[in-house]
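Geometric and topological summary
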Amino acid sequence: MAPLLAAQPDNYIQWQLVYFRSETRKDPAMRAISLLLSNADIRNLGAYLSSLPPPDPVESKDDRPDLTEAGAQLAKAIRCASCHQDGFVGRDAIPRLAGQREAYLLKALRDFKSGVRRGGGVAAMPDAVYPLSDEGLQALAHYLARLR
């Protein structure tokens, strides 16, 4: 369930660590880790992880091209790229979604929908995913995980 952090935007990594430390975002393991980090450590981790190349493509055949297409249409309909950028590479405090682990993406989408997780800033994520069915969340996660 851990996310891939290579090539995530520097500010995104920093903000998430601050959110874990302040318990704005709740995860016991990440809270414990974040409490050990100084502000300089957080800045350095953000800079380092954002400098790494994005994850390598998954070398497997898409067993659900119908789900991939449904996810692509859904991402377009709810305008995911308006925040996450073309190619879903993220920017500033907005995460890279392309190539992220499918299980992690699905958990994050479900957490935003249920209110367990809130977005930063204007909190666009809960608003974007609230009207989606679980099948829609699955399609979106499947599609995004296959992008490079």
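Worth saying up front: this structure is predicted, and the values here are computed from it rather than measured.

Okay, the overall build of the protein chain next. When helices and strands are counted, the protein chain shows eight helices and zero strands. Traced from its N-terminal end to its C-terminal end, the protein chain shows the element sequence α-α-α-α-α-α-α-α. Taking 148 residues into account, the globule formula puts the C-alpha radius of gyration at 15 Å, and the protein chain, at 15 Å, falls close to it. Restricting to contacts in the protein chain with at least 6 residues of sequence separation, those with at least 24 account for 69%. Counting every atom, the protein chain has about 8700 Å² of accessible surface; 57% of that belongs to carbon and sulfur. Distance between charge centroids for the protein chain: 5 Å, based on 19 positive and 17 negative side chains.

Once that is clear, we can look at helix α1 (residues 10-22). The α-helix advances 3.6 residues per turn, and as a result positions three or four apart in sequence lie on the same side. For α1, built from 13 residues, the straight-helix expectation of 18 Å at 1.5 Å per residue is met to within 8% by its first-to-last C-alpha distance of 19 Å. The complete set of buried residues in α1 reads Y12, I13, Q14, Q16, L17, Y19 and F20. Taken together, the buried residues of α1 touch α2 (28-35) and α3 (39-51). The positive-phi residue at the C-terminal boundary of α1 is E23, with phi of around 65 degrees.

Our next topic: the confidence of the model for the protein chain. For the protein chain, per-residue confidence averages 92 on the pLDDT scale, and 95% of positions sit at 70 or higher. α3 holds the highest mean pLDDT among the elements of the protein chain, 98, whereas helix α7 (residues 124-129) holds the lowest, 88.

Topologically, S34 is positioned in helix α2. On the basis of relative accessible area, S34 is assigned to the buried category, the value being 0%. Polar side-chain contacts of S34 include one of 2.9 Å to the backbone oxygen of R31. Residue contacts for S34: discarding those within four places in its chain leaves L17, F20 and R21.

Ring pairs (aromatic) are described by centroid distance and by the angle formed between their planes. Within the structure shown, the criterion is met by two aromatic pairs. Seen in terms of ring centroids, W15 and Y19 are 5.7 Å apart; in terms of plane orientation they differ by 35 degrees. Their pairing is tilted. Separated by four residues within a single helix, W15 and Y19 lie in helix α1, roughly one turn from each other. For W15, a relative accessible area of 43% gives the class partly exposed. Here the aromatic rings of F88 and Y143 are separated by 6.1 Å at their centres, their planes lie at 90 degrees, and the arrangement is edge-to-face. Placement of F88 in the loop between α5 (81-84) and α6 (102-114) and of Y143 in helix α8 (residues 134-145) is noted, with a sequence separation of 55 residues between them. Residue classification places F88 among the buried positions, given a relative accessible area of 8%. In this structure, K113 packs its charged tip against the face of Y130, placed 5.7 Å from the ring centre.

Conventions and cut-offs
- Residues numbered from 1 in each chain as written.
- Predicted model: local features only at pLDDT ≥ 70, side-chain atom pairs only at ≥ 80, totals over all residues.
- Heavy atoms only, no water.
- Helix = DSSP H or I, 4+ residues; strand = E, 2+ residues; numbered from the N terminus.
- Rg over C-alpha atoms; globule rule 2.2 N^0.38 Å.
- Contact = heavy atoms within 4.5 Å.
- Areas by Shrake-Rupley, 256 points an atom, 1.4 Å probe, with all protein chains shown as cover.
- Lys, Arg positive; Asp, Glu negative; His and termini not counted.
- Charge placed at Lys NZ, Arg CZ, Asp CG, Glu CD.
- Expected span 1.5 Å × (residues − 1).
- Buried < 20%, exposed > 50% of the residue type's maximum accessible area, 1.4 Å probe, protein only.
- pLDDT = per-residue confidence, 0-100.
- Polar contact = N/O pair within 3.5 Å; in protein donor to acceptor, adjacent residues only side chain to side chain.
- Phe/Tyr/Trp six-rings, centres within 6.5 Å; stacked < 30°, edge-to-face > 60°.
- Lys NZ or Arg CZ within 6 Å of the ring centre and 35° of its normal.

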